[in-house]
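An overview of the molecular structure
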There are 2 protein chains.
Amino acid sequence: MRINNTTPKSDGFYMPSELAEHRCTYVLWPERGDNWRNNAENAQEVFKKVIQTIAKYEPVVVGVNPGQYPHVLEMNMPNVQVVEISNNDSWIRDCGATFVVNGRGNMRAVDWSFNAWGGLVNGLYFPWDQDDLVAAKMCAIEAVNRYRLSDFILEGGSIHSDGEGTILTTEECLLDEGRNANMTKEEIEAKLLEYLGAEKVLWIPKGIYMDEDTNGHVDNICQFVAPGKVVLAWEDNQDDPQYERSKAALDYLESQTDAKGRKIEVVKIHVPNPITITKEESEGVDIVEGTFPRREGDRLPASYVNYYNCNGAVILPVFDDEHDQAAIDTLQELFPDKVIEPIYAREILLGGGNIHCITQQVPRP
Amino acid sequence: MRINNTTPKSDGFYMPSELAEHRCTYVLWPERGDNWRNNAENAQEVFKKVIQTIAKYEPVVVGVNPGQYPHVLEMNMPNVQVVEISNNDSWIRDCGATFVVNGRGNMRAVDWSFNAWGGLVNGLYFPWDQDDLVAAKMCAIEAVNRYRLSDFILEGGSIHSDGEGTILTTEECLLDEGRNANMTKEEIEAKLLEYLGAEKVLWIPKGIYMDEDTNGHVDNICQFVAPGKVVLAWEDNQDDPQYERSKAALDYLESQTDAKGRKIEVVKIHVPNPITITKEESEGVDIVEGTFPRREGDRLPASYVNYYNCNGAVILPVFDDEHDQAAIDTLQELFPDKVIEPIYAREILLGGGNIHCITQQVPRP
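Just so you know, these numbers come straight off a predicted model, no measurement behind them.

Turning to its location among the elements, Asp34(A) is positioned in the loop between β2 (22–28) and α1 (41–54). Only 2.8 Å separates the side chain of Asp34(A) from the side chain of Thr291(A), close enough to count as a polar contact.

Note on helix geometry: an α-helix contains 3.6 residues per turn, so any two residues three or four positions apart are oriented the same way. Residues and elements named next belong to chain B. Taking 1.5 Å of rise per residue, 14 residues should cover 20 Å, and helix α8 (residues 241–254) covers 21 Å from first to last C-alpha, within 8% of that figure. Residues of α8 that are buried: Gln242, Tyr243, Arg245, Ser246, Ala249, Leu250, Tyr252 and Leu253. For α8, the elements touching its buried residues are β8 (166–170), α6 (171–174), β9 (200–204), β10 (222–226), β11 (229–234) and β12 (265–270). Capping the start of α8 is the job of one residue whose side-chain oxygen sits 2.7 Å from the backbone nitrogen of Gln242: Asp240.

All right, on to the sheet that holds β10(B) then. All names here are of chain B. Spatial strand order, β10-β11-β12: three strands in an open sheet with mixed pairing. The sheet is open, and its two borders are formed by β10 and β12, each paired with just one other strand. Averaged over all adjacent pairs, the angle separating strand axes in this sheet is 30°, with direction ignored. Looking at chain direction, β11 and β12 are connected through six bridges and run parallel. When the sheet's bridge partners are listed, Lys229 is paired in β12 with Glu265. Across the sheet, α8 is in contact with β10, β11 and β12; its angle to β11 comes to roughly 160°. Taken strand by strand, helix α10 (residues 324–334) contacts β10, β11 and β12, and its axis lies near 150° from that of β12.

Before going further, it helps to examine the interface of chain A and chain B. Listed by partner, the interface residues are 28 residues for chain A and 28 residues for chain B. Across the chain A to chain B interface the summed buried area is about 2300 Å²; carbon plus sulfur atoms make up 51%. Our enumeration of links across chain A and chain B arrives at four salt bridges. In this structure, Arg2(B) engages Glu74(A) in a salt bridge whose closest nitrogen and oxygen atoms are separated by 3.5 Å. Taken together, the elements giving at least two residues each to the side of chain A that touches chain B come down to α2 (69–74), β4 (80–84) and α5 (131–142) of chain A. Partitioned by chemical class, the residues of the side of chain A that touches chain B number 17 nonpolar, six polar and five charged.

Rules used in this analysis
- Residues numbered from 1 in each chain as written.
- Chains lettered and ligands numbered in written order.
- Predicted model: local features only at pLDDT ≥ 70, side-chain atom pairs only at ≥ 80, totals over all residues.
- Heavy atoms only, no water.
- Helix = DSSP H or I, 4+ residues; strand = E, 2+ residues; numbered from the N terminus.
- Polar contact = N/O pair within 3.5 Å; in protein donor to acceptor, adjacent residues only side chain to side chain.
- Expected span 1.5 Å × (residues − 1).
- Buried < 20%, exposed > 50% of the residue type's maximum accessible area, 1.4 Å probe, protein only.
- Contact = heavy atoms within 4.5 Å.
- Pairing = 2+ DSSP bridges.
- Axes fitted to C-alpha atoms, helices over the stretch in contact; angles between N-to-C directions.
- Buried area = accessible area lost by both parts, 1.4 Å probe.
- Salt bridge = Lys/Arg side-chain N within 4 Å of Asp/Glu carboxyl O.
- Nonpolar A, V, L, I, M, F, W, Y, C, P; charged D, E, K, R; others polar.

Structural data, given as structure tokens:
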């Protein structure tokens, strides 16, 4: 059911850290040929690998459009439930529900409005009506009540929570004119605090270079590894446009304290070398009026920070790049009790995001 | 997940009585204008009343096609979850999953093949592909594994279980040439026993007069009220074609014992006076090639026995008929601790069934 007239904060709910224990992970099945090359055949292989890898550690719920449903059902993957959830594309981190808990065994969810990363201003496609219903459908399946914000646009990939009162986001995304152009930064911050049950928002200036799809989502550049401690996508080469973005984030983070007054410890993870779209990759994408094009030579917003935390493992995108091993090693040091599961994820990157963007955790309240 | 190579019986599972405690009830939302008059507007009102009435007693999950989803979601009904389940029509008793339990807290489900009550022989519409996926989708939402029978056609409305080893069905339906024409009665009985975890099948000869849609489903003529005890749709008037059907059922039941060796006690519930389709009702149904017509003057298979047992209540179809009160009184005597909830259900009857046909219980294992 939809909850009216109260907020998560007023009801004692907050967004737990992604590192808190999960009941399951949701994924949406990709199929649109104007975003995923070769009618999504290549992407589906990698999504399947992500699903099966997570399913080794926790249940996975895969939402599928009606047309592809029988095909995905027939895969009969262990620890995977295949449900019908119509969608315009498969970025459940962004269109899905944000679950909140109250620390007393109860769970609810926030159902933000979704407008395909910018609506008619600079969104990626039209329409996005089915995406905007994904959160309600997740809530129905999980049987949790939801706070619906019909007047506030937000994607889950634009926020991280440490579960102890601090939210990470980027100015580049949340202040972009395609979302809540009628609101001030202070008003947007107030919404975040109220609906995520938090006390402080840390505003990193910008996301990853060329993350134009999402207008610089935080989940591609920075992620909590513990309260007061983050990983940051880094670039050593000062001539690369990524450098100034990473440096600005570092300077900002080192100047801040979190909601509990802790200084922020920053662990760098170097980004892969520049990855660009090949001619073959570009030509595999159907050209459709109004959909964001995937042009040969365009640089992709590749980053290891777009990994996903599930129970007992880190699902890490890798790129057959010289920096892969350092990312694996750094995360293994940060999470000595977790299995690091690298997955070659260029095909997800070609669609505009990575493993964190295609997953959404449901906490175990 | 789909379970291969075993059966409910071999795994220690059986179908509990509908009277055992439920976790919830599933309903599908009606919309097809070639079965429900006035583009299902009238039927939707009654379905909504059924949903809201059951939701007073236990959670209800409503499965909706993508197009009507936002509309039903917006109703924001208490204790009701609105999920996406594409369907060809809204008879979840027949196309939905049959849940089985093992008495040790575990639940699974049987996912029979569905062919719209007779397939290309005498089915009601084509295609039925979405109906046949409903059971799998219910299982995914409930996170239970399922036994899929790709080689055996059955509708849930053609069986009742007492939960103690005895199954009620009708020869008229299960031996009809539109379902499992390649199987003998003995082979069909063996399937029922194996997949419902039962010991004995009671074969009532025929269902309600003019129940041509379903070929005489048992759930319109007879239902367990306890192990060894049933209600039977009855007709006193020996000139009415219903009489010989009810009399044949009575004679058969009184000649039988159940799986535990009990004689069957029969309680009669008189059917309403003959109800026929009016000109206005017939004209409200869209004419579509290949869909079963609803003709003015056709007699409808009206019966009180098509009631639904939920936790704490009996949801009873009534018809503004002189026999309504006797049905209410009889059921109140049979279930002194339950609330009898009569709902004027002519609009569901016009579509070919009644309240039992549009509901499907999920046990609390």
